[in-house]
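Residue-level structure breakdown
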Amino acid sequence: MIRTWIEPVVAGAQIASSFYDTGLLMTVENYYNQTIISSNSSRDDDLQKAISNFYIIYNVVMGMTPLLSAYILAKISDKTSTKVTICVPLTGYLISRMFLLFVILFEWPIEVIFGSAAFNGLTGWFTTYWAGVMAWASLASTESKRSLKLIIIELVYGLAGFAGSLVSGYIFVHLNINKHQGTILASCSTGCYAFCVLYSIFILKMPDAETCLEERNTEGSSINEASQESINSDCALLNDKPTNNTAINPSDVASSKCVIICMFVSAIVYNIAVTATDDVINVFVLKKPLNWGPVEVGYGNAAAYMTYITSFLGVYIFSKCFGDLGLIITGMISFSCGILIMAFVRWTYLYYIARAVMLFSLITTPTIRSIISKHVKGSSYGQVFVVLQMAIEVIAVSSSAGFNKLYQATLDWFSGFCFLVFSALGFLSIIPVIITVCKQHQTCATRDNESNGSTSNAPVIT
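Values in this document were obtained by computation on a predicted structure and should not be read as measured data.

**Notes on the overall build of the chain**
Counting its regular elements, the chain contains 19 helices and 0 strands. In the chain, of all internal contacts separated by at least 6 residues, the share reaching a separation of at least 24 is 84%. Accessible area of the chain: about 20,100 Å², with a carbon and sulfur share of 66%.

**Some thoughts on the nonpolar core**
Counting residues in hydrophobic clusters, the biggest one holds 112 residues, and the most contacted among them are Phe54, Tyr58 and Tyr129. The dominant element in this core, judged by the number of residues it contributes, is helix 12 (residues 250–284), at 14 residues. When residues are assigned to domains, this core turns out to be shared by domain 1 (1–205) and domain 2 (251–445), each giving three or more. When sequence neighbours within four positions are dropped, the list of residues in contact with Tyr129 reads Val9, Val10, Ala13, Thr85, Ile86, Pro89 and Leu90. If you look at the next biggest cluster of nonpolar residues, it comprises 8 residues, including Ile151, Leu155, Val315 and Phe360.

**A look at the packing of aromatic side chains**
By convention here, two paired aromatic rings are described through the distance between centres and the angle between planes. Within the structure shown, the criterion is met by 35 aromatic pairs. Ring centres of Tyr157 and Tyr308 lie 5.0 Å apart, and the angle between their planes is 55°; this geometry places the pair in the tilted category. With Tyr157 in helix 8 (residues 143–174) and Tyr308 in helix 13 (residues 294–318), this pair connects stretches of sequence that are 151 residues apart. The buried category is assigned to Tyr308, whose relative accessible area is 12%. By the ring-pair criterion, three or more aromatic residues cluster together here, those being Tyr93, Trp125, Phe126, Tyr129, Trp130, Tyr157, Tyr193, Tyr305 and Tyr308.

**Here's the deal with the pattern of salt bridges**
Note on pairing: side chains with opposite charge can pair once their charged atoms come close. Taken as a whole and assessed by the stated rule, the structure comprises 2 salt bridges. The partner of Lys149 in a salt bridge is Glu7, and the shortest N-O contact between them spans 3.4 Å. You can see Lys149 sitting in helix 8 and its partner Glu7 sitting in helix 1 (residues 7–39), a full 142 residues away along the chain. Across the pair Glu154 and Arg369 runs a salt bridge whose closest N-O atoms are separated by 3.9 Å. Of this pair, Glu154 sits in helix 8 while Arg369 sits in helix 16 (residues 364–373), and the two are 215 residues apart along the sequence.

**Observations concerning helix 9 (residues 183–202)**
In this model helix 9 runs 29 Å from its N-terminal to its C-terminal C-alpha over 20 residues, within 8% of the 28 Å that 1.5 Å per residue would give. Within helix 9, the full set of buried residues consists of Thr183, Leu185, Ala186, Ser189, Thr190, Cys192, Tyr193, Cys196, Val197, Tyr199 and Ser200.

**Observations regarding helix 5 (residues 99–106)**
When we look at burial in helix 5, the residues that qualify are Leu100, Leu101, Val103 and Ile104. The buried side chains of helix 5 occupy one side of the element, clustering within an arc of 160° when seen end-on. Two residues or fewer after helix 5 comes Glu107, characterised by a positive phi angle close to 55°.

**Points about unusual backbone geometry**
A positive phi is found at Trp125, a non-glycine position, where the angle reads about 50°. Checked against the element boundaries, Trp125 lands in helix 7 (residues 125–139). Here Asn291, not a glycine, exhibits a phi torsion of approximately 55°, which is positive. Structurally, the position occupied by Asn291 is in the loop between helix 12 and helix 13. Given a relative accessible area of 46%, Asn291 falls into the partly exposed group.

**Here's the deal with the packing of helix 14 (residues 324–342) against helix 18 (residues 417–428)**
The relative placement of two packed helices is expressed as an angle between their axes plus a distance between the axes. Remark: helix 14 packs on helix 18, axes separated minimally by 8 Å, with the N-to-C direction vectors making an angle of 165°. Considered as vectors, helix 14 and helix 18 are oriented roughly antiparallel to each other. In this structure, helix 14 meets helix 18 at a crossing whose hand is left-handed. When helix 14 is examined against helix 18, the residues Met332, Phe335, Ser336, Cys337, Ile339, Leu340 and Met342 are found in contact with a partner set consisting of Phe419, Leu420, Phe422, Ser423, Gly426 and Phe427. Classifying every residue of the contact of helix 14 with helix 18 gives 10 nonpolar, 3 polar and no charged.

**Re the environment of Asn404**
Along the chain, Asn404 falls in helix 17 (residues 381–409). Sequence spacing of Asn404 and Lys49 is 355 residues, and the spatial spacing of their C-alpha atoms is 9.1 Å. Excluding residues that lie within four positions of it along the chain, Asn404 makes contacts with Ser52, Ile56 and Asp279.

**Considerations on the packing of helix 3 (residues 70–79) against helix 4 (residues 84–96)**
Between helix 3 and helix 4, whose axes approach to 8 Å, the crossing angle comes to 140°. Of the possible angle classes, the one that applies to helix 3 and helix 4 is oblique. Note on element contacts: helix 4 touches helix 3 through Val84, Thr85 and Val88, opposite Leu73, Ala74, Ile76 and Ser77. Taken together, the residues of the contact of helix 3 with helix 4 break down into 5 nonpolar, 2 polar and no charged.

**As for the environment of Pro432**
Within the element layout of this structure, Pro432 appears in helix 19 (residues 430–456). A relative accessible area of 10% means that Pro432 is categorised as buried. For Pro432 and Val269, which are 163 residues apart along the polypeptide, the C-alpha to C-alpha distance reads 9.8 Å. Residues contacting Pro432, with those up to four places away along its chain left out, are Cys262, Val265 and Ser266.

The rules we used
For every chain, the first residue of the written sequence is number 1, and numbering continues from 1 along that sequence. Under the rules for a predicted model, residues below a pLDDT of 70 receive no local features and side-chain atom pairs below 80 are neither given nor counted, while totals for whole chains, interfaces and linings still include all residues. To get the side-chain values, take all heavy atoms of the structure and skip hydrogens and water. Starting at the N terminus, helices and strands are each numbered in turn, a helix being any DSSP run of H or I of at least four residues and a strand any DSSP run of E of at least two. By the convention used here, residues are in contact when the closest approach between their heavy atoms is within 4.5 Å. The Shrake-Rupley method, run with a 1.4 Å probe sphere, supplies the accessible areas, and residue values consider only the shown protein chains as cover. Buried Ala, Val, Leu, Ile, Met, Phe, Trp, Tyr and Cys residues form a nonpolar core when they are joined through side-chain atoms within 4.5 Å. Each residue gets one of three labels from its accessible area relative to the maximum for its type: buried under 20%, exposed over 50%, partly exposed in between, using a 1.4 Å probe on protein chains only. Source of the domain bounds: an automatic or database domain assignment. Here the aromatic set is Phe, Tyr and Trp, taking the six-membered ring for Trp, and pairing holds for ring centres within 6.5 Å; pairs whose planes are under 30 degrees apart are stacked, those over 60 apart are edge-to-face, and all others are tilted. The term salt bridge refers to a side-chain nitrogen of Lys or Arg lying within 4 Å of a carboxyl oxygen of Asp or Glu. The span one expects for a helix is its residue count, reduced by one, times 1.5 Å. Working definition: the arc comes from the directions between the helix axis and the C-beta atoms, pointing outward to the latter. For helices, the fitted line uses only the C-alpha atoms of the stretch in contact; every axis is such a line through C-alpha atoms, and the angle between N-to-C directions lies from 0 to 180 degrees. Throughout this description, any angle smaller than 35 degrees is read as roughly parallel, any larger than 145 degrees as roughly antiparallel, any in the 65 to 115 degree range as roughly perpendicular, and the remainder as oblique. When the near helix sits turned anticlockwise from the far one by under a right angle, the crossing is termed left-handed; a clockwise turn instead gives a right-handed crossing. Residues are sorted three ways: Asp, Glu, Lys and Arg are charged, Ala, Val, Leu, Ile, Met, Phe, Trp, Tyr, Cys and Pro are nonpolar, and all the rest, Gly among them, are polar.

Listed below in structure tokens is the structure:
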């Protein structure tokens, strides 16, 4: 059973990613800082715009190139093995992110990173990799425990990112080879990716399908034995626990389609705000009044990863009170309020207050995936999750370029204006969830009416 755990791969890859993200950001800042000093131009604003423009191109290349390969890899994975959507992207990560080491050691042009991003995207990137991880976790869990299983994966992801970010700034500053800052950091990142590739190819084993089926059958039997009163209470508002109806009802099919569409729309709008927030914050903290260095950037990233821990605790606690839809709304409100505070951050302590308010913001996306998985066949998990991730990435990356330009345009006026826009998007993403709540409530009411009607029409035996 230990060999079926995907958690070691998730942890190793995220530590590698946190090392790489800090190393890339500081390398880009050093590169453009030297360029601006040599040109004798205004330093602060020009540096902000140069870094922002770099990440616009980098994110567009990284986000668009998986369109050519992600769905193909997902179809191959569903027909052969889920390991395809894990091993191939990790191999792409390993090869592409070695180029940061070459840029630091051999002083290659920073534009080389764009080529490595394209290669990373062609091998599936995070779009395929994370969809594969979610499909793996879904196949290895039952419906009643799926939301908890997926948030546990997110917790491992966050803990690894927290640990990696916490030490990445110190490694960048204090551990170097021949005064090349970031050499050891980039080497550690490459080593972690190498471990993940070898582990996923030679050690990781597919979950036992018979064991999973037996768990699902056991779960189904217990649901059938539950009383009608319990089933009716499950249909309460914000408590949409799954019911076990073996008969295929056309209204249920229509309801499932409505739920899937609403969840897709909500996930896309919400992740547009989250992705754009991450892009802008990376540049925002480098300028005055925060003016962070490598160590502070590492601490800031670690604070962001703490959200994975608090979101896990949120699911564990709130799942006893709410259903999946209630959890989603809780996460959206947490993010929207926190990013609203971020718009007015002028001191470091206020940044951490904003992060503290966002403590449940990562509940949303894994819970949305959990709901979607309950409305599709297990053999289609890979394709469905890849389509969702592709939609999120493509739209988020496309809009991210515009948001970065908006940030540049409002630097002199109000640098936190973008965060106000992201907060508004967060609140707007709640609307499809509310529609789903109403649809679920309506479906449950219809089932009650049909059940009462069939009971009243039954012959009376004397």
